[in-house]
Amino acid sequence: MGDGVVREFRGGDLWAAARLLAERQERHRGRHPLLPAEYEDPKVALVEVTAAWETEGASGAVLVEGGEVTGYLLGAPKSSPVWGENVWVERAGHAVREPETIRDLYAVAATKWVADGKTAQYALVPDDPELLDAWFRLGFGGQHAHAVMPAPAEPLPSRPGLTVRRAGRADIQALAELDLVLPQHQALAPTFSSGELPTIEEALADWEESIDDQDYATFVAERNGKVIGSAIGCSLEKSSAHSGLAQPDNAGFLAYAAVFPEARGAGAGRALGEAVLNWAAGVGYTSVVTDWRVTNLLSSRAWPRLGFVQTFHRLHRMIGH
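In this text the structure is predicted, and so the values were computed from the model without any measurement.

Procedures and definitions
Going along each chain's sequence as written, the residues are numbered from 1 onward. Reporting of local features is limited, given that this is a predicted model, to residues whose pLDDT is at least 70; pairs of side-chain atoms are given and counted only at 80 or more, and all residues count toward the totals for whole chains, interfaces and linings. Side-chain calculation: all heavy atoms of the structure are included, whereas hydrogens and water are not. Any carboxyl oxygen of Asp or Glu that lies within 4 Å of a side-chain nitrogen of Lys or Arg is treated as forming a salt bridge with it. Each helix corresponds to a stretch of at least 4 residues labelled H or I by DSSP, and each strand to a stretch of at least 2 residues labelled E; elements are numbered beginning at the N terminus. Only protein chains enter the area calculation, which uses a 1.4 Å probe; residues under 20% of their type maximum are buried, those over 50% are exposed, and those in between are partly exposed. Two residues form a contact once any of their heavy atoms are found within 4.5 Å. For two strands to pair, DSSP has to find at least two bridges joining them. Only buried Ala, Val, Leu, Ile, Met, Phe, Trp, Tyr and Cys residues count toward a nonpolar core, and they belong to the same one when joined by side-chain atoms within 4.5 Å. Here, axes are lines fitted to C-alpha atoms. For helices the fit covers the stretch in contact, and angles between N-to-C directions go from 0 to 180 degrees. Note on charges: Lys and Arg go in the positive column, Asp and Glu in the negative column, and His and the chain ends are not counted at all. Any N or O atom pair separated by 3.5 Å or less is treated as a polar contact, with the protein-specific requirement of one donor-capable and one acceptor-capable atom, and with residues adjacent in sequence counted only for side-chain atom pairs.

### Section: the pattern of salt bridges
Applying the stated criterion across every chain, the model contains 19 salt bridges. With a closest N to O distance of 3.1 Å, Arg97 and Glu68 form a salt bridge. Pair noted here: Arg97 is in the loop between β5 (94-96) and α3 (101-115) and Glu68 is in strand β3 (residues 68-75), with a separation of 29 residues, a long-range link. Judged by its relative accessible area of 36%, Glu68 is partly exposed. Asp116 is paired through a salt bridge with Lys112; the nearest N and O atoms lie 2.9 Å apart. What makes Lys112 partly exposed here is its relative accessible area of 42%. When salt bridges that share partners are traced, they join Glu100, Arg103, Asp133 and Arg137 into one network.

See the structure below:
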């Protein structure tokens, strides 16, 4: 850090932070050109930094070296109780010239966060190895992956022994049961998610209402005439988790996929993923985005094998344990 000074973030730091974020996006797009180019413009990046700063409860720090801001860090809590007493550093919540700087910024910003009782801490970090290493050395670990891939130029072939087709009303019971499969799996080792499980009645009611929604492409996989899995594709604009810096232009979204436990191992998950990719290409999307828990042994292996490349890491730290 040299002779730099770390102090609290102020509203007057927004333009300097936007320039740093634009620089970071340019470097990030060097690895992932499908990510949006417009955020390489500081005026556009300013919108994202301002939103992070204006989030209720936001606070953070900047590093000033030779009169210039060379790094910033912003975090704010989310109201949902599922995250605990939390603070989140969103994608636009940090950018540094030197990766090691993030540790000095965190030391100042997190002093307030912990004093305020925000002991569950989350950060969305680009896949920059040196930057990730700096976060890891702050006690953060990987929790969730965000990834992208090009839509296929040619249709991916069907898989023998499986039929993948669009779902209809006759599939509602199976779709509702499959809605429970993923959260049930996430609750098991080694993920141990504590997310609330829906009931079958809630899932049935939801599918009765939404099965004909043309904004979502729902697929089922059959083996020997029985539905064994499902997947959903839609526009990425339907996902608030992949907005802004992580939203490629003209992107589809692999929003959900699940296979009944007893039917796993036959390739149904991959076939469903390929069906969503084919659908995305067929309707004109040029890329497809998805995400997964890195502790989910199934999805964390299946989606990279399909071609998805991780762009952002959601990291997590629990203070005091």
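That shown, we press on.
### A closer look at the environment of Ala263
With respect to the helices and strands, Ala263 occurs in the loop between β11 (251-259) and α7 (268-282). Considering only alpha carbons, one finds Ala263 and Arg223, 40 residues apart in sequence, at a separation of 8.8 Å. Once residues lying within four places of it in the same chain are set aside, the contact partners of Ala263 are Arg223 and Ile228.

### Examining the pairing of strand β7 (residues 141-150)
Among the 10 residues that make up β7, 7 are buried, leaving the element largely enclosed by the rest of the structure. Where β7 lies against strand β13 (residues 309-318), 7 bridges are found, and the strand directions are antiparallel. Bridged to Gly142 within β13 is Leu315.

### A word on the nonpolar core
Ranked by size, the top nonpolar core spans 28 residues in total, and within it Phe219, Trp279, Val288, Trp303 and Phe308 carry the most contacts. Every element with two or more residues in this core is listed here: β7, β9 (216-223), β10 (226-235), β11, α7, β12 (287-293) and α8 (299-306). Apart from the residues within four sequence positions on either side, Trp279 is in contact with Arg166, Ala217, Phe219, Gly233, Cys234, Ser235 and Tyr285.

### Details of the side chain of Ser230
Inspection of the secondary structure assignment puts Ser230 in strand β10. The exposure class assigned to Ser230 is buried, which follows from its relative accessible area of 2%. Sequence-distant contacts of Ser230, that is, excluding residues within four places in its chain, are made with Leu175, Leu178, Phe219, Val220, Tyr256, Ala257, Ala258 and Leu272.

### Examining the sheet that holds strand β1 (residues 5-8)
The antiparallel open sheet is built from 4 strands, whose spatial order is β1-β2-β3-β5. The sheet is open, and its two edges are formed by β1 and β5, each paired on a single side. On average, adjacent strands in this sheet sit at an angle of 20° to one another, irrespective of strand direction. Helix α1 (residues 14-31) rests against β3 and β5 of the sheet, and its axis sits at about 85° to β3. With respect to the sheet, α3 is in contact with β1, β2 (59-65), β3 and β5, its orientation differing from that of β3 by roughly 45°.

### Comments concerning the environment of Arg24
Within the element layout of this structure, Arg24 appears in helix α1. Placed 105 residues apart in sequence, Arg24 and Pro129 show a C-alpha to C-alpha distance of 13 Å. What Arg24 contacts, discounting residues up to four positions off in sequence, is Arg91, His94, Ala95, Pro126, Leu245 and Phe312.

### Quick look at the side chain of Asp179
Looking at the element boundaries, Asp179 is found in helix α5 (residues 172-186). The buried charged residue Asp179 lacks any salt bridge, with Arg264 as its nearest oppositely charged partner at 12 Å. At 2.9 Å, the side chain of Asp179 and the side chain of Trp207 are in polar contact. Aside from chain neighbours lying at most four places away, what touches Asp179 is Pro198, Ala203, Trp207 and Tyr256.

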